[in-house]
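Here is what each chain is made of, one letter per residue.
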Amino acid sequence: MTAMTHDGTTTEAAATRRGDPRKPLRLFFPQWQGSGDTLALHRGALLLWERFFADGACLEVPVPTEGEQRLEAGIHGRSALLEQLRTARELLAKAAPKRIFTIGGDCAVELAPLAYLNARCGGDLAVLWFDAHGDLNTPESSPSGAFHGMPLRCLLGEGDPAFTALCTPWLEPYQVALVGARDLDPPEEAYVHAAGIQVIPPAPSGACLESIGRFLEGTKASSVYIHLDLDAMDPARFPHCLCPAPGGFAPEELPAILGALFRERRVVGFSLVEFAPQEPRAAECLAPFFALGDSLRSL
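None of the values given here were measured: they were computed from a predicted structure. (Residues numbered from 1 in each chain as written. Predicted model: local features only at pLDDT ≥ 70, side-chain atom pairs only at ≥ 80, totals over all residues. Heavy atoms only, no water.)

This paragraph deals with empty space enclosed by the protein. Going through the model one piece at a time under the given rule, you end up with one cavity of 30 Å³ or more. The computed volume of the largest cavity comes to approximately 50 Å³. Phe29, Gln31, Leu81, Leu85, Ala108, Val109, Leu111, Ala112, Phe147 and Phe163 are the residues that line the largest cavity. Elements with a contribution of two residues or more to the lining of the largest cavity: α3 (78-95) and α4 (111-120). Taken together, the residues of the lining of the largest cavity break down into nine nonpolar, one polar and no charged. (1 Å grid on protein atoms, 1.4 Å probe; cavity = no way out; pocket = protein on both sides within 12 Å on 5 of 7 lines; lining within 4 Å. Points joined across faces, edges and corners; volume = space filled by probe spheres on them. Helix = DSSP H or I, 4+ residues; strand = E, 2+ residues; numbered from the N terminus. Nonpolar A, V, L, I, M, F, W, Y, C, P; charged D, E, K, R; others polar.)

In this description, an aromatic ring pair is defined by two values, namely the gap between the centres and the angle between the planes. The full count for this structure, using the stated rule, is nine aromatic pairs. Geometrically, the ring pair formed by Phe53 and Phe101 is edge-to-face, given 5.2 Å between the ring centres and 85° between the ring planes. Of the two residues, Phe53 is situated in the loop between α2 (40-52) and β2 (59-60) and Phe101 in strand β5 (residues 100-104); the sequence distance between them amounts to 48 residues. You'll find Phe53 and Phe101 in the same group, each marked buried. Members of the aromatic cluster, joined through ring pairs, are Phe52, Phe53, Phe101, Phe262, Phe270 and Phe290. In this structure, Arg153 packs its charged tip against the face of Tyr191, placed 3.8 Å from the ring centre. (Phe/Tyr/Trp six-rings, centres within 6.5 Å; stacked < 30°, edge-to-face > 60°. Buried < 20%, exposed > 50% of the residue type's maximum accessible area, 1.4 Å probe, protein only. Lys NZ or Arg CZ within 6 Å of the ring centre and 35° of its normal.)

Quick look at the side chain of His42 now. For His42, the location among the structural elements is in helix α2. Not counting chain neighbours up to four residues away, the residues in contact with His42 comprise Pro30, Trp32, Val63 and Thr65. (Contact = heavy atoms within 4.5 Å.)

Its 12 residues give helix α9 (residues 253-264) an end-to-end C-alpha distance of 17 Å, which sits within 8% of 16 Å, the value for a rise of 1.5 Å per residue. Of the residues making up α9, those classed as buried are Leu254, Pro255, Ile257, Leu258, Gly259, Ala260, Leu261 and Phe262. (Expected span 1.5 Å × (residues − 1).)

Overall, the coordinates contain zero disulfides when judged by the stated rule. Its sulfur unpaired, Cys167 is 5.6 Å from the next cysteine sulfur, which belongs to Cys154. (Disulfide = S-S within 2.5 Å.)

Bringing the packing of α3 against α4 into the picture now. Two numbers describe how α3 lies on α4: the axes approach to 9 Å, and their chain directions differ by 40°. It follows from the interaxial angle that α3 and α4 lie oblique. Crossing geometry of α3 relative to α4 is assigned as right-handed. Across the interface between the two elements, Leu85, Ala88, Arg89 and Leu92 of α3 pack against Leu111, Ala112, Pro113, Ala115 and Tyr116 of α4. Here the residues of the contact of α3 with α4 sort into eight nonpolar, no polar and one charged. (Axes fitted to C-alpha atoms, helices over the stretch in contact; angles between N-to-C directions. Parallel < 35°, antiparallel > 145°, perpendicular 65-115°, else oblique. Left-handed = near helix turned anticlockwise from the far one by under 90°.)

Attention shifts here to unusual backbone geometry. What is expected of a backbone is that most residues other than glycine have negative phi and most peptide bonds are trans. Omega for the peptide link from Thr168 to Pro169 comes to -5°, which places this bond in the cis form. Despite not being glycine, Ala73 shows a phi value in the positive range, around 50°. One non-glycine residue, Ala96, lies in positive phi territory at about 50°. Within the secondary structure, Ala96 is located in the loop between α3 and β5.

Encoded structure:
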């Protein structure tokens with residue numbers, strides 16, 4: 001069956017749009033099912049698309065906006081999430097990009113681009129996971145059954161076997177730093193301690209970049225992937241997220257950190273996810289990030 005996307009094209013047409021092969025592939029994946037039965041993140045992804053992708057082609061993963069999100073094997077919307085992940089992996093394999101800039105809905109969109117780039121880089125990849133949360137739960141440990149709290153654990157090879165099978169090759173704990181994490185569930189804290197995953201707390205740009213630099217030097221990886229869940233920012237300054245956690249980065253500090261990383265490191269992947277606008281002009285709160293447009297177009 002042919003479905004329609006947000007801009008009126010068919011899913012077949014949307015899935016085959018391509019950009020300049022010399023530039024990063026722009027992936028639009030407005031998945032919302034991982035966050036529960038709400039379309040807030042889908043709406044947020046569309047607003048981000050208008051700001052970052054409307055001036056050119058992108059690769060789009062078709063995502064329906066209807067359907068019951070049943071609890072299956074401890075995960076809400078499991079069937080839809082698996083189908084969308086398979087589609088995303090197939091589209092990326094066909095496009096074979098060297099670099100990827102992703103605008104997504106929930107954090108679970110990361111399974112496709114991150115696993116793809118880890119394979120392409122032969123494991124020579126460091127991951128900076130900017131997020132208030134660890135996203136390290138399993139179906140057994142998750143208090144909610146929402147899959148956006150589980151993707152990083154899947155990428156590390158643990159969790160629902162149907163998902164982990166689609167995330168190979170798995171990341172190793174030494175490849176990952178949680179940047180800005182401050183709201184981990186007890187099972188996640190235990191896993192972070194046991195696995196030796198580095199946690200870099202929110203800090204002003206200079207101090208944060210020093211900590212990130214030490215982590216990157218320790219990994220000896222030549223390529224970097226940056227995951228940005230917007231709840232990494234202080235909800236007192238940026239309230240447009242589903243799962244706010246007190247503290248976090250100041251909105252003006254985070255673009256400065258990202259800008260330095262884009263200039264100084266070989267960034268092969270970047271994602272912008274979990275934007276839950278509370279009012280129509282919410283995207284204006286992201287104005288400091290729009291100045292990164294040239295960096296994002298070239299990585």
